[in-house]
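Below are the chains, spelled out letter by letter.
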Amino acid sequence: MNSGEPCWSCGDPARHSSALNVRLRREEGGGAFPGVIIVAYRKTKIRVPLCARCKKVWRPALRSRMLAMWSLTLGLILIPSALIMGGLMAFYYQSGKVFAIAAGVAVAIGGIAVAVGLPAYRAQDRHPEGLRHPHSHPRVVALTDSGFGILN
């Protein structure tokens, strides 16, 4: 069933079930208590009309963006954590072997994060010829220009 509006990406009739909900978030003013910082976020989503063909075409690029964000973020968190824990354990046990093991784990985590995240990061920029990206929708662009970040 068509929704009566054109597909943002190609201009064909859009399907309501194929629409993409672009989730956005912006940090708003928070508050602070002694020793506690509160950060408030404003979340919203924009419905971008797509036809079934365009949703299928854009799915790999949008998924690779999420995969790249998650793998690189987890790598950035886990690598220093492994090194810090290895350093603390080496200090406690007074052994250089523990730190060497932790450094090896950190390198392995970093290698996996880069091996997964880098190809996904490169794939997100491959746009199908002649189609407009869902993130270029005017309402999405207006919100990103006002400080919102795209979550998906």
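Our structure is the block above this text.
Note on numbering: residues in each chain are counted from 1, in written sequence order. At least 70 in pLDDT is required for a residue's local features to be given in this predicted model, at least 80 for side-chain atom pairs to be given and counted, and no such filter applies to totals for whole chains, interfaces and linings, which use all residues. Remark: hydrogens and water are excluded; side-chain values derive from all non-hydrogen atoms of the structure.

1. Some details on the overall build of the protein chain
The condition is simple: Numbering of helices and strands runs from the N terminus; a helix is a DSSP stretch of H or I covering at least four residues, while a strand is a stretch of E covering at least two. Exposed residues in this analysis have more than 50% of their type's maximum accessible area, buried residues have under 20%, and partly exposed residues fall in between, with area computed by a 1.4 Å probe over protein chains only. In what follows, residue pairs with any heavy atoms lying within 4.5 Å of each other are defined as contacts. Per-residue and other accessible areas follow the Shrake-Rupley method at a 1.4 Å probe size, with only the shown protein chains counted as cover for residues.
Secondary structure summary: the protein chain contains three helices and four strands in total. Reading the secondary structure of the protein chain in the N-to-C direction produces β-β-β-α-α-α-β. Residues counted as buried form 29% of the 152 residues belonging to the protein chain. Expressed as a percentage of contacts within the protein chain between residues at least 6 apart in sequence, the contacts between residues at least 24 apart total 70%. Summing over all exposed atoms, the protein chain offers an accessible surface of approximately 9900 Å²; the carbon and sulfur share of this is 64%.

2. As for the pattern of salt bridges
What counts is decided by this rule: Only one rule defines a salt bridge in this text: a Lys or Arg side-chain nitrogen within 4 Å of an Asp or Glu carboxyl oxygen.
The final tally for this structure, using the stated rule, is one salt bridge. Between Glu 5 and Arg 47 there is a salt bridge, and its shortest N-O distance comes to 2.8 Å. In this pair, Glu 5 sits in strand S1 (residues 2–6) while Arg 47 sits in strand S3 (residues 36–50), placing the two residues 42 residues apart along the sequence. Judged by relative accessible area, Glu 5 falls into the partly exposed class, the value being 28%.

3. Things to note about the packing of aromatic side chains
Let me state the cut-off plainly: Side-chain rings of Phe, Tyr and Trp (the six-membered ring for Trp) are treated as a pair once their centres are within 6.5 Å; stacked means planes under 30 degrees apart, edge-to-face means over 60, and tilted covers the remaining angles. Cation placement over rings: the criterion is NZ of Lys or CZ of Arg within 6 Å of the ring centroid and within 35° of the ring normal.
Going through the model one piece at a time under the given rule, you end up with zero aromatic pairs. Above the plane of the ring of Tyr 41 lies Arg 25, whose end atom (NZ or CZ) is 4.2 Å from the centre. The ring centre of Trp 8 lies 3.6 Å from the NZ or CZ of Arg 132, which sits over that ring.

4. A few points about the side chain of Ser 18
Structurally, the position occupied by Ser 18 is in strand S2 (residues 13–33). Not counting chain neighbours up to four residues away, the residues in contact with Ser 18 comprise Leu 50, Cys 51, Ala 52 and Lys 55.

5. Quick look at a positive patch on the surface
Spelled out, the test is: In this scheme, patches are assembled from residues that exceed 30% relative accessible area and form no salt bridge. Like charges are connected within 9 Å, while nonpolar side chains (Val, Leu, Ile, Met, Phe, Trp, Tyr) are connected within 5 Å. Charged residues are defined here as Lys and Arg on the positive side and Asp and Glu on the negative side; His and the ends of the chain fall outside this count. Where a charge lies is defined by one atom per residue type: Lys uses NZ, Arg uses CZ, Asp uses CG and Glu uses CD.
On the surface, a cluster of positive charge is contributed by Arg 23, Arg 25, Lys 43 and Lys 45. If you list the elements that add at least two residues to the positive patch, you get S2 and S3. For Lys 43, the location among the structural elements is in strand S3.

Geometry only, nothing functional implied.
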